[in-house]
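Chain residues, written in single-letter form:
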Amino acid sequence: MKNKDIIVGSLILVFGIFVMFMIPSQIEDAQSVAVGPRAFPYFCGILLILCSIVLLIQGIRQGNSEERNEEKLDKGNILFALAFYLTVVLYAVLMHHLGFLMTSFVFLPTLMIMLGVRKKVFYILLIPIILIVYYVFQIYLHVQLP
Amino acid sequence: MLSNIVNGFVNLLSISNFIFIFIGMMIGIVFGALPGLTATMAVALFTPITFGMDPVVGILMLLSMYCGATYGGSITAILIKTPGTPASAATALDGYALTQQGHGGKALEMALFASTIGGIFSALMLLFIAPLMARIATSFGPPEFFALALFGLTIISSISGDHVVKGLIMGTIGMLISCIGLDRITGVPRLTFNHRYLVGGLQLIPVLIGLFAISELVRKVEKRDFAVSDVAEFSKESLTPKEMLESFVTIIKSSIIGTIIGAIPGTGAAIASFLSYGEAKRVSKRPEEFGKGSLDGIAASEAGNNGVTGATLIPLLTLGIPGDAVTAILLGSLMIQGMIPGPSLFAQHGKTVYTIMVGLIAVNIFMYIEGKFLIRLFIKITKVPMNFMIPVIVLLCITGAYAVNNAYFDVVVMLTFGLVGYVFSRLGFPVTPMLLAIILGPTAEESMRQSLIISNGNASIFFTRPICLAFILISCISIFLPLIRRVLSKKKES
């Protein structure tokens, strides 16, 4: 596997160039002021391109020698983490449509099962926690939870 | 000034202040004690709860979490040799050794005693130095603010560790993100992609909950480290007055080191703790005991890291410069309360600011009381497994992000930044620079453009005003210092 910095560096380089091309269509220019609204984003775009080139050069110079220091990629673990993340996303999406209490009572125990909580006490403990959070936000802070 | 302090003290005396300091402290100590949960996460997660509160109550609650978490790290450091926060790493050396010798109770007491003295010392320094700084800073105009924000941004270089380029990339992306929304000078929409939610810009709180909570949780899930360590048994053992006296010089010295380090943006509690520990060892009559169970070592490390807590607020409150991730979030929390940190804060919100500064002393006293009497409870809580805590924190993240504006879009923002934070930190990119840039970017841009409007486009305005020039020079030093340090250390090695 190639050095990660090379791949990330190229992606950021592409992003930097994309930013530079996007600015004219996204930001109107104002002629009246000394430094217009486009200047700072342009500066960021240029900085991003410069930094990504430095990162690329660093990555190429180091070659594969640095790989020992990096954290090992374990595909299984990463997939598990992504599955966890997607479950959280699904929880948030469904909460928007089905309401806070219902989705919380379904998804939080699901997350706990996913993460391997065995003791029943914790599942029972979850009920008052959800209710307290609901009470604090909905009634005390007047947040209209879905 | 004295009358302000007295007024602050009088304002502090209300039941609700004390109740929320108490609750904040409990949450803080728990977050500090649980390995993997940090002060940063606690403050980010609970900021939304403070929206509806009176500014004094809300900010004091968050400060209690900050101080509590800094102290709480020592509990697990001493009992299971896993520092709850990086700042307690030095405590783990001697603390765990003492636990094994059967003196865990003594070690915990010393950590608490030293943390409290360090925290109170730092709070006092804040109370006396901040108003003076603010008075100097009231003469600042846009060029000075630009130089200050620039200096704040250069901290990215020192907090990025070995990856200055990666830190810079994160900072730049952060600055781009801060451009989203209406341009503050001309009112032109920028980078909004014609999306109506983006016109107002991104809300800070969802962004930082995503960056500092969700991404951390996903990382934890990936590592699958949910195991609960066995907490060593310890006997309740009090410090003798002689032991307190013996370490007192160390504690005061470490508090001073912590305060100085804390007042310099871009440093932080971990550095203060290690410096204090090193200094205590250097002057100690029994340096051979360090690392093998020295009470002095614990005193130094803990007074050092809690000595930072008040001092970091000096640049934050007077100049609006956050020194690290926690203070950057506190800055956001202050802004939401309508208090924009910076020189004008003391003039506009003097009463509130003084109450908060006096309150910080009370926070530390609460820390001592809770640490002394509720320690058994905290130790029990550290046995709660992470795989139960993670879903609970997810719940707090989502409701917290939602609470900012009652808007579902903020939840989307939070989840997006959670993924961004996870992917970048997984690739070795530090996340804090992005937060600093999102906060300081707009100040830097706005004040630079205002200055150039004042000077009709002449850039010499930045170099002819002494204070401004001084800060620009300090910024240059701050950028190159880590590079110089690295070159020097490489020379040493070879």
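On a predicted model such as this, the values are computed, not experimentally measured, just so you know. (Residues numbered from 1 in each chain as written. Chains lettered and ligands numbered in written order. Predicted model: local features only at pLDDT ≥ 70, side-chain atom pairs only at ≥ 80, totals over all residues.)

### Structural notes on the overall build of chain B
In terms of helices and strands, chain B carries 22 helices and two strands. Its C-alpha radius of gyration of 22 Å places chain B within 12% of the 23 Å reference for a compact globule of 494 residues. Across its three principal axes, chain B shows a C-alpha extent of roughly 70 × 60 × 45 Å. Counting the 494 residues in chain B, one finds 62% classified as buried. Counting only contacts in chain B whose residues sit at least 6 apart along the sequence, the fraction spanning at least 24 positions is 80%. (Helix = DSSP H or I, 4+ residues; strand = E, 2+ residues; numbered from the N terminus. Rg over C-alpha atoms; globule rule 2.2 N^0.38 Å. Buried ≥ 20, exposed ≤ 12 C-beta atoms within 10 Å, placed from the backbone. Contact = placed C-beta atoms within 7 Å.)

### A few points about the overall build of chain A
Within chain A one finds five helices and zero strands. Taken from the N to the C terminus, the helices and strands of chain A come in the order α-α-α-α-α. Within chain A, the proportion of its 146 residues that are buried is 27%. Partitioning the intrachain contacts of chain A with sequence separation of at least 6 by distance along the chain shows that 62% fall at a separation of at least 24.

### Some words on the confidence of the model for chain B
In the predicted model, chain B carries a mean pLDDT of 89, and the fraction of residues at 70 or more is 99%. Per the prediction output, this complex has pTM 0.88; the corresponding ipTM is 0.91. (pLDDT = per-residue confidence, 0-100.)

### Focus: the packing of helix α4 (residues 55-80) of chain B against helix α14 (residues 325-336) of chain B
All names here are of chain B. Direction vectors running N to C along α4 and α14 enclose 170°, while the axes themselves pass 11 Å from each other. Classed by the angle they form, the pair α4 and α14 counts as roughly antiparallel. Touching I59, L62 and Y66 of α4 are V326, L330, S333 and L334, all from α14. (Axes fitted to C-alpha atoms, helices over the stretch in contact; angles between N-to-C directions. Parallel < 35°, antiparallel > 145°, perpendicular 65-115°, else oblique.)

### Focus on the interface of chain A and chain B
Taken together, the 51 residues of chain A in the interface contact 47 residues of chain B. At the level of secondary structure, the elements contributing two or more residues to the side of chain A that touches chain B comprise α1 (4-26), α2 (39-62), α3 (75-98), α4 (100-114) and α5 (120-140) of chain A. Top element by residues in the side of chain A that touches chain B is α3(A). It accounts for eleven residues. The residue makeup of the side of chain A that touches chain B, split by class, is 40 nonpolar, nine polar and two charged. (Nonpolar A, V, L, I, M, F, W, Y, C, P; charged D, E, K, R; others polar.)

### Topic: the environment of A:L50
Counting through the fold element by element, A:L50 comes out in helix α2. C-alpha of A:L50 to C-alpha of A:G16: the two residues are 34 residues apart in sequence and 8.9 Å apart in space.

### Concerning α4(A)
Taking 1.5 Å of rise per residue, the 15 residues of α4(A) would be expected to cover 21 Å, and the 20 Å separating its terminal C-alpha atoms lies within 8% of that figure. Turning to α4(A), its buried residues number three or more, namely A:F100, A:T103, A:S104, A:F107, A:L108, A:L111 and A:M112. For α4(A), the buried positions fall inside an angular range of 145° around the axis, keeping them on one side. Residues of α4(A) that are buried in the fold lie against α3 and α5 of chain A together with α18 (386-403) of chain B. (Expected span 1.5 Å × (residues − 1). Arc of directions from axis to C-beta.)

### A few points about unusual backbone geometry
Of note, the phi angle at B:K81 is positive, near 60°, even though the residue is not glycine. Structurally, the position occupied by B:K81 is in the loop between α4 and α5 (89-100).

### Overview of the nonpolar core
B:V43, B:M65, B:I209 and B:C397 are the most contacted members of the largest nonpolar core, which has 208 residues in total. A domain-level breakdown of this core finds at least three residues from each of domain 1 (4-69) and domain 2 (75-140) of chain A. Each residue touching B:C397, except ones within four places of it in the same chain, is listed here: B:L45, B:I209, B:A213, B:I214 and B:M414. (Core = buried A, V, L, I, M, F, W, Y, C linked by C-beta atoms within 7 Å. Domains from an automatic or database assignment.)

### Things to note about the environment of A:M95
For A:M95, the position within the fold is in helix α3. Contact partners of A:M95, with chain neighbours within four places excluded, come to A:F100, A:T103, A:P146 and B:I398.

### Quick notes on the environment of A:I127
Residues and elements named next belong to chain A. Within the fold, I127 resides in helix α5. By C-beta crowding, I127 is classed as partly exposed, having 13 other C-beta atoms within 10 Å. Considered as a pair, I127 and P109 are 18 residues apart in the sequence and their alpha carbons are 9.8 Å apart.

### A word on the packing of helix α3 (residues 39-50) of chain B against helix α9 (residues 204-223) of chain B
Residues and elements named next belong to chain B. Where α3 contacts α9, the two axes come as close as 9 Å, and the packing angle between them is 135°. One finds that α3 runs oblique with respect to α9. As α3 runs across α9, the sense of the crossing is left-handed. For the pair α3 and α9, contact is made by T40, M41, A44, L45, T47 and P48 and by I205, L208, I209, F212, A213 and E216, respectively. Considering only residue class, the contact of α3 with α9 consists of nine nonpolar, two polar and one charged. (Left-handed = near helix turned anticlockwise from the far one by under 90°.)

### So, α14(B)
Residue and element names in this part refer to chain B. The end-to-end C-alpha separation of α14 is 17 Å, in line with the 16 Å expected for twelve residues at 1.5 Å each. For α14, the buried fraction is high: ten of the twelve residues fall into the buried class. Within α14 the residues assigned to the buried category are A325, V326, T327, A328, I329, L330, L331, G332, S333 and L334. In this structure, the buried side of α14 is in contact with α3, α4, α9, α13 (313-319) and α20 (432-454). Looking one or two residues past α14, G338 carries a phi angle of roughly 85°, positive in sign.

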